[in-house]
Amino acid sequence: MTQMRRIVIVGGGYAGFYAAWNLEKKLRPDEAEIIVIDPRPYMTYQPFLPEVMAGSVEARHAAVSLRKHLRRTTVVAGEVTRVEHARHALQVRPADGDPVEISYDVVVITAGAVTRTFPIPGIAEHAIGMKHVEEAVAIRDTLLTSFDRASVLPPGPERRRLLTVTFVGGGFSGVEGFGELLSLATSLLRSYPELSPADLSFHLVEAAGRILPEVTDEPGRWVVQALEARGGHVHLNTQLVSAVGGHVVLSTGEAFDSELIVWAAGNAANPVVAQHTDLPVDERGFLRVRADLRIGTPDAVVPDAWAAGDDAAVPDVAVGTPGARTVPNAQHAVRQGRHLAANLTAVLRGGTPKQYVHQSLGVVATLGLGQGVFQYRGLVVKGFPAWVMHRGYHVLAVPTWERKIRVLAGWLAAGVFGRDIVSLAGVQHPRDAFVRGGAPR
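Throughout this description, residue numbers start from 1 for each chain and increase along the sequence as written. Since the coordinates come from a predicted model, pLDDT governs what is reported: local features require at least 70, and pairs of side-chain atoms require 80 or more to be given and counted, while whole-chain, interface and lining totals use all residues. Heavy atoms from the whole structure form the basis of all side-chain values; hydrogens and water molecules are not counted.

Trainee: Quick one: what's the story with unusual backbone geometry, residue by residue and with numbers?
Mentor: Glycine aside, residues mostly have negative phi angles, and peptide bonds mostly take the trans form. The phi dihedral of H88 falls on the positive side, at around 55°, and the residue is not glycine. Along the polypeptide, H88 turns up in the loop between β5 (73-84) and β6 (89-94). Only DSSP runs of H or I reaching four residues or more are called helices, and only runs of E reaching two or more are called strands; each is numbered from the N terminus.

As structure tokens, this is what we get:
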């Protein structure tokens, strides 16, 4: 008789969702009980977040419901605070109620990375990240509301502040978000005759001497030129020194007031993985993972423990360079989730796991409506063709046909009628109108 195993997956992001989704397909109901633990009831398709900010993709269409699509999986809405693999147990803090302990036979850690921050004055009080749908929506609503507020003000410092946007971080997230929001702001001017292009001030701050480290130097320089040609200011070899009160001070000495500050300066290890587990981690706090996605080293396996995605230091076998690790991006996380499910199924049935080997399909980025860049080895595509490739790749990559169709329908509507420019910033304070009863503020 087959032994029923309890498989607990910590994190419902790319790797966790795809691992659970594929385990459901591969394992019979009497072989395993699958549990996914995540504080959010959905998987965020992060490549769509820049387009959510720009209004090209509806916010809910960038999120995939865990409960709707994981039909045989138990979804626990809570935050894992500790993993004690020696006891095969973990601690979970639900949104309400007391912490609970969940035991398991097999644990899969796909908690994902968190936004990397630095102790810069004012950042915690005034900046916003862009890893989640809620953040993308808030960024969009902030910009739209700023346009409404600025349109009734005379030219001057306050109007300039409202229409000044600062992105910190020149990786893919920062550059794509910057390009898409700049594209939205430029298009909004047609609806605000009171404002002009001179009122807009968009700044991208990057500590290194180049942006988009995943592409080579020439396309990286082209992206900078393309953004600056559209009115953006790209600050290379520059660090953010302070953002107290929304007053941005750069290491070059330049300073300005900014209504919107977006922090996209890379990822850090998830604190649960880095500090609250007895599983082995490296010097950066990421899980030590073998090429077959089992936790451990090439010489020693940690039984019943697996990991994938951004919180795992997965060897990049395809590169062939000792010590190389897979890049923490959606392309790897999705494929690692699938591969982990296949390997775990094989091990449960007495088989042998295979190494994760994936050749990069290239990198593609959107820079705003009709603009993009793509590179695969020596092949570089720029402008509109790259933008089409970006949309084509991601509509194929987003999971479930339901989401693909919804995203395509949204793009079609936006292509015919233009972006929706309604701000729903009021949802952050939904009781204001009821409490005031129509009285002036």
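Trainee: How would you explain the nonpolar core if you had to name every residue and give the values?
Mentor: Here, nonpolar core refers to any group of buried Ala, Val, Leu, Ile, Met, Phe, Trp, Tyr and Cys residues whose side-chain atoms link them within 4.5 Å. Burial classes: relative accessible area under 20% of the type maximum marks a residue as buried, over 50% as exposed, and values in between as partly exposed (1.4 Å probe, protein chains only). One finds L90, I109, F147 and L181 to be the most contacted residues of the largest nonpolar core, which totals 111 residues. Whether two residues are in contact is decided by their heavy atoms, any of which lying within 4.5 Å being enough. Non-local contacts of F147, meaning those with residues more than four positions away in its chain, are made with L163, A185, L188, L189, Y192, L195 and L200. Membership of the second largest hydrophobic core comes to 12 residues, among which are L250, F256, W263 and A265.

Trainee: Pulling in residues and values, what's your account of the environment of R294?
Mentor: Inspection of the secondary structure assignment puts R294 in strand β20 (residues 294-297). In this structure, the C-alpha to C-alpha distance between R294 and L344, residues 50 residues apart in sequence, is 8.8 Å. When neighbours within four sequence positions are excluded, R294 is seen to be in contact with V289, V301, A305, W306 and P353. In terms of polar contacts, R294 uses its side chain to reach the side chain of D292, at 2.8 Å. Polar contacts, as counted here, are pairs of nitrogen or oxygen atoms within 3.5 Å of one another; within protein the pair requires one atom able to donate a hydrogen and one able to accept it, and residues that are adjacent in sequence qualify only if both atoms are side-chain atoms.

Trainee: Any details on the pairing of strand β7 (residues 100-103)? Residues and values, ideally.
Mentor: Two strands pair if DSSP finds at least two bridges between them. Across 4 bridges, β6 lies against β7 in antiparallel orientation. Residue pairing across strands places L90 opposite I102, the latter belonging to β7.

Trainee: Lay out a nonpolar patch on the surface in plain terms, naming residues and giving numbers.
Mentor: What makes a patch is a set of residues exposed beyond 30% relative accessible area and free of salt bridges, joined within 9 Å when like-charged and within 5 Å when nonpolar (Val, Leu, Ile, Met, Phe, Trp, Tyr). Only the protein chains shown count as cover for residues, and all accessible areas are computed by the Shrake-Rupley method using a 1.4 Å probe. We define a salt bridge as a side-chain nitrogen of Lys or Arg found within 4 Å of a carboxyl oxygen belonging to Asp or Glu. Together, L412, V416 and F417 make up an exposed nonpolar region whose accessible area comes to about 390 Å². Topologically, V416 is positioned in helix α12 (residues 401-417). V416 gets classed as exposed once you look at its relative accessible area, which sits at 57%.

Trainee: Outline the packing of helix α5 (residues 133-150) against helix α7 (residues 172-188), listing residues and values.
Mentor: One way to put it is that α5 packs onto α7 with a least axis distance of 11 Å and a crossing angle of 25°. Compared by their axis directions, α5 and α7 come out roughly parallel. Two packed elements cross with a definite hand, and for α5 against α7 that hand is right-handed. Note on element contacts: α7 touches α5 through L181, L184, A185 and L188, opposite I139, R140, L143, L144 and F147. Residue type decides the class: Asp, Glu, Lys and Arg count as charged, Ala, Val, Leu, Ile, Met, Phe, Trp, Tyr, Cys and Pro as nonpolar, and the leftover types, Gly among them, as polar. Looking at the contact of α5 with α7 residue by residue, the class counts come to 8 nonpolar, no polar and 1 charged. To obtain an axis, a line is fitted to C-alpha atoms, over the contacting stretch when the element is a helix, and the angle between two such axes runs from 0 to 180 degrees between their N-to-C directions. An angle below 35 degrees is treated as roughly parallel, one above 145 as roughly antiparallel, one from 65 to 115 as roughly perpendicular, and anything else as oblique. Crossing handedness follows the turn of the near helix against the far one: under a right angle anticlockwise gives a left-handed crossing, and clockwise gives a right-handed one.

Trainee: How would you explain α7 if you had to name every residue and give the values?
Mentor: Three- or four-residue spacings in an α-helix give side chains the same orientation, since the helix completes a turn every 3.6 residues. By this rule the span expected of a helix is its residue count minus one, scaled by 1.5 Å. With 17 residues, α7 should reach 24 Å at 1.5 Å per residue; the first-to-last C-alpha distance of 24 Å fits that figure. Of all 17 residues in α7, 15 are buried, a share of seventy percent or more.

Trainee: Residue-level account of the sheet that holds strand β14 (residues 240-242), with values.
Mentor: Strand order in the open sheet formed by 3 strands is β14-β15-β16, and the pairing between neighbours is antiparallel. Both outer strands of the open sheet, β14 and β16 (255-257), are each paired with one neighbouring strand and no more. Along the sheet, successive strands turn relative to each other by an average axial angle of 35°, direction set aside. Summarising the sheet, strand β15 (residues 247-250) and β16 pair through 3 bridges and their orientation is antiparallel. Looking at the pairing, V249 lines up with A255 of β16.

Trainee: Describe the sheet that holds strand β17 (residues 260-263), listing the residues and the values that go with them.
Mentor: Across the sheet, which stays open at both edges, the 5 strands sit in the order β10-β17-β11-β12-β13 with parallel pairing between neighbours. The open sheet has two edge strands, β10 (127-128) and β13 (232-235), and neither has a second partner. In this sheet, strand β12 (residues 201-205) lies alongside strand β11 (residues 164-168) in parallel orientation, the contact comprising 5 bridges. Within β12, the residue paired with T166 across the bridge is H203. Here α7 sits on the sheet in contact with β11, β12, β13 and β17, set at roughly 175° to β12. Packed onto the sheet, helix α8 (residues 217-229) meets β12 and β13 and runs at close to 140° relative to β13.

These values are about where atoms sit, not about what they do.
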